[in-house]
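One-letter residues, chain by chain:
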Amino acid sequence: MEIEVTSAVLKRLRSEAERAAPEECCGILLGGGNSIADALPAANVAQDPRRHFEVDPQTLVDAHRAARAGGPEVAGYYHSHPMGPAFPSATDRAMASGDGRIWAIIGKDDVTFWRDGEEGFLRLSCRLRER
């Protein structure tokens, strides 16, 4: 499966990961269908943000409210692995809900996209769209 991502979103994800290091950054992917149009940063409220992420619940509630009011839908989530690869960790797999949303993982050298499905994570190919 392929998703479409803007160059601005990729730039923002990399920038957020750099800014947060050595802690994990996190946030919400906004878009519709198989298209990611924006990334909304959120505070990482995990007890140990160097090893885990937890999206600030208020940011998530606000994003869902904005979607219900006609804004972009919550397509998924993103977080970084400051010292690791851009692949779902054991913790990511354990915390995944299987809700079909897209996860972006920003590693040391790459950004990858995954579908959080009932059978686990499925890697998605990415088509870049200039914005």
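Residues numbered from 1 in each chain as written. Predicted model: local features only at pLDDT ≥ 70, side-chain atom pairs only at ≥ 80, totals over all residues. Heavy atoms only, no water.

1. Overview of the sheet that holds strand β7 (residues 120-129)
Sheet strands pair via backbone hydrogen bonds, and the direction of the pair is either parallel or antiparallel.
Consideration 1: Strand order in this closed barrel of seven strands is β1-β3-β2-β4-β5-β6-β7, and the pairing throughout is mixed. Each strand of the sheet is rotated relative to its neighbour by a mean of 40°, with strand direction disregarded.
Consideration 2: Pairing geometry for strand β2 (residues 26-32) and strand β4 (residues 73-80), over six bridges, is antiparallel. Residue pairing in the sheet places glycine 31 in a bridge with glutamate 73 of β4.
Consideration 3: Across the sheet, helix α1 (residues 7-20) is in contact with β1 (2-6), β2, β3 (35-42), β4, β5 (102-106), β6 (111-117) and β7; its angle to β3 comes to roughly 25°. (Pairing = 2+ DSSP bridges. Helix = DSSP H or I, 4+ residues; strand = E, 2+ residues; numbered from the N terminus. Axes fitted to C-alpha atoms, helices over the stretch in contact; angles between N-to-C directions. Contact = heavy atoms within 4.5 Å.)

2. Considerations on the packing of aromatic side chains
Consideration 1: Summed over all chains, the structure comprises three aromatic pairs.
Consideration 2: Consider the rings of phenylalanine 87 and tryptophan 114, whose centres lie 5.7 Å apart with planes at 65°: the pair is edge-to-face. Here phenylalanine 87 is found in the loop between β4 and α3 (90-95), whereas its partner tryptophan 114 is found in strand β6, with 27 residues between them in sequence.
Consideration 3: Judged by its relative accessible area of 42%, phenylalanine 87 falls in the partly exposed class.
Consideration 4: For tryptophan 114, a relative accessible area of 7% gives the class buried.
Consideration 5: A ring pair is formed by tryptophan 103 and phenylalanine 121, whose centres lie 4.8 Å apart and whose planes are at 70°; its orientation type is edge-to-face. On the criterion of sequence distance, the pair formed by tryptophan 103 in strand β5 and phenylalanine 121 in strand β7 is long-range, its members being 18 residues apart. (Phe/Tyr/Trp six-rings, centres within 6.5 Å; stacked < 30°, edge-to-face > 60°. Buried < 20%, exposed > 50% of the residue type's maximum accessible area, 1.4 Å probe, protein only.)

3. Some words on the pattern of salt bridges
Consideration 1: Evaluation of the coordinates by the stated rule reveals seven salt bridges.
Consideration 2: The salt bridge partner of glutamate 2 is arginine 127, with a shortest N-O separation of 2.9 Å. Note that glutamate 2 is positioned in strand β1 and arginine 127 in strand β7, a separation of 125 residues in sequence.
Consideration 3: On the basis of relative accessible area, arginine 127 is assigned to the partly exposed category, the value being 41%.
Consideration 4: For arginine 129, the salt bridge identified is with glutamate 4, shortest N-O distance 2.8 Å. Here the residue arginine 129 occupies a position in strand β7, and glutamate 4 occupies one in strand β1, the gap between them amounting to 125 residues.
Consideration 5: What makes glutamate 4 buried here is its relative accessible area of 18%. (Salt bridge = Lys/Arg side-chain N within 4 Å of Asp/Glu carboxyl O.)

4. Some words on α1
Since the α-helix turns once every 3.6 residues, residues separated by three or four places project in the same direction.
Consideration 1: The end-to-end C-alpha separation of α1 is 20 Å, in line with the 20 Å expected for 14 residues at 1.5 Å each.
Consideration 2: Residues Val9, Leu10, Leu13, Glu16, Ala17 and Ala20 constitute the buried set of α1. Within α1, the buried residues cover an arc of 130° as seen down the axis, which keeps them to one side. For α1, the exposed residues lying more than 90 degrees away from the buried face are Lys11, Glu18 and Arg19. (Expected span 1.5 Å × (residues − 1). Arc of directions from axis to C-beta.)

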